[in-house]
Amino acid sequence: MKWILVAAVTLAATMGMNSAEAHSKARKPASAEQQRTSVNDVVKKLREDDEGLVVLFVKTSGSYYLRRDVAEFDAYKKKLEESLNGKKPVSVTVEATQLNILEVK
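Described in the following lines is the structure provided in the data block. Within any chain, residue numbers begin from 1 and follow the written order of that chain's sequence. A pLDDT threshold of at least 70 governs which residues receive local features in this predicted model, and a stricter bar of 80 or more applies before side-chain atom pairs are shown or counted, although totals over entire chains, interfaces and linings include all residues. The basis for every side-chain value is the complete set of non-hydrogen atoms in the structure, without hydrogens or water.

Some points on the overall build of the protein
How we decide: Helix and strand definitions follow DSSP, with helices as H or I runs of at least four residues and strands as E runs of at least two, each counted in order from the N terminus. Here, residues are in contact when the closest pair of their heavy atoms is within 4.5 Å. We get accessible surface area from the Shrake-Rupley algorithm with a probe of 1.4 Å; when it comes to residues, only the shown protein chains can shield them.
Summing up its helical and strand segments, the protein has two helices and six strands in all. Listing each helix as α and each strand as β along the protein from the N terminus yields α-β-β-β-β-α-β-β. Of the contacts made within the protein by residues no fewer than 6 positions apart, 44% connect residues no fewer than 24 positions apart. Summed over its atoms, the accessible surface of the protein is roughly 7800 Å², and 54% of this surface lies on carbon and sulfur atoms.

Describing the environment of Val54
Turning to its location among the elements, Val54 is positioned in strand β3 (residues 52–57). Residues Val54 and Arg67, 13 residues apart in the sequence, show an inter-C-alpha distance of 8.7 Å. If we skip the residues at most four places from it in the chain, Val54 touches Lys45, Leu46, Arg47, Asp49, Ser63, Tyr64 and Tyr65.

Looking at the sheet that holds strand β2 (residues 43–49)
The condition that has to hold: Pairing between strands requires that DSSP locate at least two bridges from one strand to the other. Here an angle of 0 to 180 degrees is reported between the N-to-C directions of two axes, which are lines fitted to C-alpha atoms, with helices fitted over the stretch in contact.
Spatially, the three strands line up as an open sheet ordered β2-β3-β4, and their pairing is antiparallel. Strands with a single pairing partner mark the edges of an open sheet, and in this sheet they are β2 and β4 (64–67). If you compare each strand with its neighbour and ignore which way they point, the axes differ by 25° on average. Relative to β4, β3 runs antiparallel, the two being bridged by four bridges. Each residue of the ladder has a partner; that of Val55, found in β4, is Tyr64. The sheet contacts of helix α2 (residues 73–86) involve β2, β3 and β4, and relative to β2 the element is tilted by about 140°.

Observations concerning the sheet that holds strand β6 (residues 101–104)
Read across the sheet, three strands follow the order β1-β5-β6 without closing on themselves; strand pairing throughout is antiparallel. Since the sheet does not close on itself, it has two edges, and those belong to β1 (36–41) and β6, each with one partner. Sheet twist, expressed as the mean angle between neighbouring strand axes with direction ignored, is 25°. Bridging between β1 and strand β5 (residues 90–95) involves six bridges; their strand directions are antiparallel. By the bridge assignment for β5, Val39 is matched with Val92.

Let's talk about the nonpolar core
Put simply, the test is: Buried residues of nine kinds, namely Ala, Val, Leu, Ile, Met, Phe, Trp, Tyr and Cys, make up a nonpolar core once their side-chain atoms join them within 4.5 Å. Relative accessibility thresholds used throughout: buried, under 20% of the residue-type maximum; exposed, over 50%; partly exposed, between the two (1.4 Å probe, protein chains only).
Membership of the largest hydrophobic core comes to 16 residues, with the highest contact counts inside it found for Val55, Phe57, Leu66, Leu80, Val92 and Ile101. Looking at this core, the elements with two or more residues in it are β3, β4, α2, β5 and β6.

Looking at unusual backbone geometry
Positive phi is not limited to glycine here, since Lys87 has a value of about 55°. Inspection of the secondary structure puts Lys87 in the loop between α2 and β5. Although it is not a glycine, Leu99 sits at a positive phi angle of roughly 60°. Inspection of the secondary structure assignment puts Leu99 in the loop between β5 and β6.

A word on the pairing of β5
Taken together, the three bridges between β5 and β6 define a ladder with antiparallel strand orientation. Bridge pairing links Val92 to Val104 in β6. The antiparallel hairpin formed by β5 and β6 contains five residues in its connecting segment, where Leu99 sits at a positive phi of about 60°.

Take it as geometry only, folks, not as evidence of what the structure does.
Below you can see the structure in the form of structure tokens.
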């Protein structure tokens, strides 16, 4: 009976180490170019808050965010508003993981 307890403790310790090893061997971050993606869609909704602008698109799911600290914030905001009002598509470059808007064309 005692050997079962020893085996269980050993197994738990081994599994814990394997999990820790897996986390320490995480993949290297991709380059900045690999972390970007593009969205070509019509703006469905804009909502402003203290730190920027939340953007929803017609066909593309997710909430995208244009931060106020982006150098071209006012120009990008204007292009997004034109897409919303004119129902015309806009091209947006975003960070793939955070959905932060980097550029609007």
